[in-house]
Number of protein chains: 2
Amino acid sequence: MDKSFLIMESRKSNAFQPISDALMIQMRQILGEQYLSVDETVRHDNGHDETEDLVFLPEVVAFPETTEQISALMRICNEAFIPVTVRGGGSGLAGGALPVEGGLVIAMKRMDKVVHIDERNFQVTVEPGIITENLQNILKDKGLFYPVDPSSKGWSFIGGNVNTNAGGPRAVKYGVVKDHVLNLQVVLANGDIIWTGSNTLKNSTGYNLTQLMVGSEGTLGIVTQIVLKLQPYPSQQLLMLVPFRSAESACAAVAAIFQAGVTPSALEFMERNAIEWAIRYVGETPVPLNDEDQAHLLIEVDGFHLESLYADCETITKVVEQFDCGEVFFADNDAQKTALWKLRRNAPQAVKNNSIYKEEDTVVPRYELPRLLRTVKEVGAKYGFESVCYGHAGDGNLHVNILRGNLSDEVWNNELSKGIREIFVFVKSVGGTISGEHGIGWVQRQYMDIVFSPIEMELMRGIKHLFDPKGILNPSKIL
Amino acid sequence: MDKSFLIMESRKSNAFQPISDALMIQMRQILGEQYLSVDETVRHDNGHDETEDLVFLPEVVAFPETTEQISALMRICNEAFIPVTVRGGGSGLAGGALPVEGGLVIAMKRMDKVVHIDERNFQVTVEPGIITENLQNILKDKGLFYPVDPSSKGWSFIGGNVNTNAGGPRAVKYGVVKDHVLNLQVVLANGDIIWTGSNTLKNSTGYNLTQLMVGSEGTLGIVTQIVLKLQPYPSQQLLMLVPFRSAESACAAVAAIFQAGVTPSALEFMERNAIEWAIRYVGETPVPLNDEDQAHLLIEVDGFHLESLYADCETITKVVEQFDCGEVFFADNDAQKTALWKLRRNAPQAVKNNSIYKEEDTVVPRYELPRLLRTVKEVGAKYGFESVCYGHAGDGNLHVNILRGNLSDEVWNNELSKGIREIFVFVKSVGGTISGEHGIGWVQRQYMDIVFSPIEMELMRGIKHLFDPKGILNPSKIL
């Protein structure tokens, strides 16, 4: 699909200013000529992420290499009222990296250094521009484990992961990004440089600026260094795929597995159409798909003692058998494991390849998953949309992909949001929220009133104003 | 020791007002006559915590039972410029609960209900006034595990734990309070009631108000309900006590245990005098203390499979033997385990019983522990103080108890802070900070400049002002 016709005029609010020639000269002095671009292609490449089909063109794209350069850029942009949007790998699904007000995009890809691997303290200090999987591989070579692996890990940046508080399959055992960030170096809107915390596992010293920054989607400051805590790399993993006769029985089995005392390192749910599309997209069929299989759970356990993992798998098998499952498939070797994970990881791309879609990142207490799934289908029937659901069932985090199919422009652009709203109202009613790991960005902020009261929203606006009084950092996002 | 002569005049700042008769009438209407007290003993009991020998008398003590009552109290106190300090179990070691500006103390002990145990989702919703150990026992009966167990768990309240971001021995494996809080109900300074998040394991929806509130020591709002995530209760624990010929070799062994791939569920360090004093205080000698034993590590592993725990213990034994240790003592039965834990848990009381002391809650990356310990002793030699050190070595969290001994008033009150400052400067220089789990409260705020820059402090002041524009909530704390 040619995206160019969808490019939107960036909507510069009154207060923001265009980037003047004088400012361009200053920026070139800061970065060096070749690291500032007004090229059409470069602007386009940095004007979209993976959110639907949205593109907003920035005026200028900067490629800094140091914290000091970013600080210098922010100082002059703040002075001159230039909107600034930071960009990582561009894998975002909520439009967090879209420069919707134009202005400057700061692309982080040159800031990709591993600053220090502290093997003695199980910590690593990195710049935000490193690809998450590359970082994980570098650490694995030293026996160190950074467990957070969003599906996009092969191309998303660790900085983007921090900014969205990303999760991924292993969050169910190891937690999300916020549980692994110890300390952050941040450039504030006015160019000031701070560290948010300390390089320690515990910290009760003042307000938790670190956690305030994690997940703030570049609206409070620009993360320029990240200190992550690490663990010893678990030497053993076992993986199993379990088919179920109904999506609801698969979801019901999820809570039961935890109640049996097992905490898997991944517990992924896929509806039948998700796994079918993924098989077709990947072009591999690692397991036979039977007619009666309506959903699958991909279940991994990991650790250091194989015997206890086998015991866990036995417990899991006994549990799932109570939920109308088909034959449990154990991945016997690394090739089979890779093939199964490839299916799950490619489900989003398979959907994208099939249809224009909107992805909703619903999250509920995990026992509520079956009801959430039922609600999604009921709302779909009411508004006439099909959906493909998969996600991190162990966390209650269900990705609802709403397919455009034959929906008219009118329904797609205007009516659909009412259906999404109904799903979110249900999510809120059972203690859930509207984003588990993707963030709010640009496309979800219209729904924030469902989960936050006016008072809560006012507090968030106050925090934004405190950190960024002129509102230049990633404007029009979240709030 | 008679504390009465140490009672300080509460230092009411100019802006704050005394509680008028009219206000007293309103408060009585809100709470009921018997739940508002101006009694001298009640005021005294609510005027100190476990911090040194400090007492500040509040004007009035309130004992609310509901969120709505607290909201109503805050509305009128905010209006009338009355300082309000919330009080939990009173086990604080940084003076967080001291009503240093007088005014109203809100004592949480009647808000001690378990609102809802959600066994299906492994969550519990509680009021802040429940004693942490009581909550743990209630949950354990249902096979559920809330792992955060500060040494004070037998009398500290869960609300206080949240407000200080408490830790305890098991934080090394399970994390601190912040890693277990999903959602908080909070009464703001003006009486507004908010919820900070959602009851989900993941949340990327707006700014993380939950984590901003955890550890804020009652300066940003009053926590009135807490949603905690739970885990299945680990059925097996193994405990060992390892003596070392030097405190430094004990510290050095700590990092090596993790490097060998084992994550103990507790890894506690005690200097010789700490264990000696604890043995004397408790009146039990579960293990013989040899002359050459200069320090001990108490090491616990837990899980569901005994075999793999034995394997972990074997690995640990091999590691510690490389660090000049004495004979490793395995606790064979529950009585022995209880006796060993009793020693560790009573170390603070043993010190308190022995001398007036100041407790510093230093935390560093754990490999730096030996250097920290050396620095403490060097600074002690320079300023003429003895110290007893113990703590959560697995987290790099060393409690430094500075004994008053024969120090003159002049040295104790004025000179000593210079020595503490030297220790904290070292801590900061190796990436550590000045409180790992006790908080800053009243007595540590003078050292905040060591770990935070003026810009960082200004951000924290801005957050305080946003949440509490009149500064009535726990005034003169942290900042």
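Residues numbered from 1 in each chain as written. Chains lettered and ligands numbered in written order. Predicted model: local features only at pLDDT ≥ 70, side-chain atom pairs only at ≥ 80, totals over all residues. Heavy atoms only, no water.

### Observations regarding the pattern of salt bridges
Residue and element names in this part refer to chain A. Note the threshold: Any Lys or Arg side-chain nitrogen found within 4 Å of a carboxyl oxygen on Asp or Glu counts as a salt bridge. Type-normalised accessible area, obtained with a 1.4 Å probe on protein chains alone, sets the label of each residue: buried when under 20%, exposed when over 50%, and partly exposed for intermediate values.
Taken as a whole and assessed by the stated rule, the structure comprises 59 salt bridges over all chains. The salt bridge involving Asp468 is made with Lys464; its shortest N-O contact spans 2.7 Å. Using a relative accessible area of 14% as the deciding quantity, one classes Lys464 as buried. A cluster of three or more residues bridged by salt bridges with shared partners is formed by Asp149, Arg170, Glu300 and Arg345.

### Remarks on the interface of chain A and chain B
For clarity, the cut-off: Any two residues having at least one pair of non-hydrogen atoms within 4.5 Å are treated as being in contact. Put simply, buried area is how much 1.4 Å-probe accessible surface two parts lose in total, over both of them, once they are put together. Helix numbers and strand numbers start at the N terminus; a helix is a DSSP run of H or I with at least 4 residues, a strand a run of E with at least 2. Three classes are used: nonpolar for Ala, Val, Leu, Ile, Met, Phe, Trp, Tyr, Cys and Pro, charged for Asp, Glu, Lys and Arg, and polar for all others, with Gly counted as polar.
The partner chain B presents 82 residues to the 82 residues of chain A that form the contact. Counting each side, the surface lost to burial between chain A and chain B is near 6,500 Å², with a carbon and sulfur contribution of 61%. For chain A, the biggest contributors to the area lost against chain B are A:Lys202, A:Ser204 and A:Tyr207; these three give 15% of the whole. At the boundary of chain A and chain B, one finds 6 salt bridges. When residues in the side of chain A that touches chain B are grouped by element, the largest group, 9 residues, is from helix α15 (residues 454-467) of chain A. When grouped by side-chain class, the residues that make up the side of chain A that touches chain B number 33 nonpolar, 35 polar and 14 charged.

### Describing the domain arrangement of chain A
How big an interface is tends to be stated in terms of accessible area lost as the parts join. Residue and element names in this part refer to chain A. Note the threshold: The domain boundaries here were taken from an automatic or database domain assignment.
With domains assigned, chain A is organised as domain 1 (6-107), domain 2 (114-232), domain 3 (234-348) and domain 4 (355-466). Here domain 3 and domain 4 have C-alpha centroids that lie 25 Å from each other. Each partner contributes to the interface: domain 3 provides 18 residues, whereas domain 4 provides 19 residues. Here domain 3 packs against domain 4, burying approximately 1,600 Å² in sum over the two surfaces, 64% of which is carbon and sulfur. In terms of surface lost to domain 4, no three residues of domain 3 exceed Glu248, Phe269 and Glu271, which account for 30% of the buried area on that side. The tally of links from domain 3 across to domain 4 stands at 2 salt bridges.

### Remarks on the confidence of the model for chain A
Residues and elements named next belong to chain A. Filter applied, for reference: A residue's pLDDT is simply how confident the predictor is in it, with values from 0 to 100.
The predicted model of chain A has a mean per-residue pLDDT of 94, with 97% of residues at 70 or higher. When the criterion is pLDDT under 50, residues 1-5 qualifies, and its contacts beyond four places in sequence or with other chains add up to 6 contacts. Here the predicted complex carries an ipTM of 0.95, next to a pTM of 0.96.

### Things to note about the nonpolar core
Stated precisely, the cut-off is as follows: To qualify as a nonpolar core, a set must consist of buried Ala, Val, Leu, Ile, Met, Phe, Trp, Tyr and Cys residues joined through side-chain atoms within 4.5 Å.
Counting residues in each nonpolar core, the largest one holds 182 residues, and the members touching the most others are A:Phe269, A:Phe467, B:Phe269, B:Val320 and B:Phe467. Filtering out sequence-adjacent residues up to four positions away, B:Val320 remains in contact with B:Val242, B:Phe244, B:Ala253, B:Ile257, B:Ile299, B:Cys325 and B:Val328.

### Re the packing of aromatic side chains
Basically, it comes down to this: Stacked, tilted and edge-to-face are the three classes assigned to paired rings of Phe, Tyr and Trp, where Trp is represented by its six-membered ring and a pair needs centres within 6.5 Å; plane angles under 30 degrees give stacked, over 60 edge-to-face, the rest tilted. Note on geometry: a ring has a charge over it if NZ (lysine) or CZ (arginine) is within 6 Å of the ring centre and within 35 degrees of the ring normal.
One pass over the structure, following the stated rule, counts 8 aromatic pairs over all chains. Geometrically, the ring pair formed by A:Phe424 and A:Tyr447 is edge-to-face, given 5.1 Å between the ring centres and 85° between the ring planes. In this pair, A:Phe424 is assigned in helix α13 (residues 409-429) and A:Tyr447 in the loop between α13 and α14 (448-451), connecting sequence segments 23 residues apart. Comparing A:Phe424 with A:Tyr447, the two get one shared label, buried. Here the aromatic rings of B:Phe145 and B:Tyr174 are separated by 5.1 Å at their centres, their planes lie at 85°, and the arrangement is edge-to-face. A residue pair is termed long-range when its members are at least 10 positions apart, and B:Phe145 in strand β9 (residues 144-145) and B:Tyr174 in helix α6 (residues 171-174) qualify at 29 residues. Members of the aromatic cluster, each reached through a chain of ring pairs, are A:Phe145, A:Tyr174 and A:Tyr233. The side chain of A:Lys358 reaches across the aromatic face of A:Trp412, ending 4.9 Å from its centre.

### A look at the relation of the copies chain A and chain B
Two copies of one chain are present, and they are related through a rotation about an axis combined with an axial shift. Counted only if it meets this: For this overlay, a least-squares fit was computed on C-alpha atoms, restricted to residues scoring pLDDT of at least 70 in both copies.
In screw terms, the move from chain A to chain B is a rotation of 180° and a rise of 0.0 Å along the axis, fitting with an RMSD of 0.0 Å. Here the symmetry operator amounts to a two-fold rotation axis. Comparing interface residues between copies, 100% of those in chain A also lie at the interface in chain B; the contact surface is shared.

### A look at the pairing of strand β16 (residues 295-303) of chain A
The side chains of a regular strand alternate between both faces of the sheet. Residues and elements named next belong to chain A. Rule in force here: Pairing between two strands is assigned when DSSP locates at least 2 bridges connecting them.
Among the 9 residues of β16, 9 are classified as buried, and the element is accordingly described as predominantly covered. Neither face of β16 is open: one carries Ala295, Leu297, Ile299, Val301 and Gly303, the other His296, Leu298, Glu300 and Asp302, and all of them are buried. With 9 bridges connecting them, strand β14 (residues 236-244) and β16 associate as antiparallel partners. Bridged to Gln237 within β16 is Asp302. In this sheet, β16 lies alongside strand β15 (residues 266-271) in antiparallel orientation, the contact comprising 6 bridges. Paired with Glu271 across the bridge in β16 is Ala295.

### Some remarks on the environment of B:Gly439
Assignment of secondary structure puts B:Gly439 in the loop between α13 (409-429) and α14 (448-451). For B:Gly439, a relative accessible area of 1% translates into the label buried. Spatially, the C-alpha atoms of B:Gly439 and B:Leu289 are 34 Å apart, while their sequence positions differ by 150 residues. Beyond its immediate sequence surroundings of up to four residues, B:Gly439 is in contact with A:Ser204, B:Ala94, B:Glu217, B:Asp361 and B:Gln444.

### Topic: the pairing of strand β14 (residues 236-244) of chain B
All names here are of chain B. Of all the 9 residues making up β14, 7 are buried; the element is thus mostly covered by neighbouring parts of the structure. When β14 meets strand β17 (residues 329-330), the two strands line up antiparallel, connected through 2 bridges. Note that in β17 the partner of Leu241 across the bridge is Phe329.

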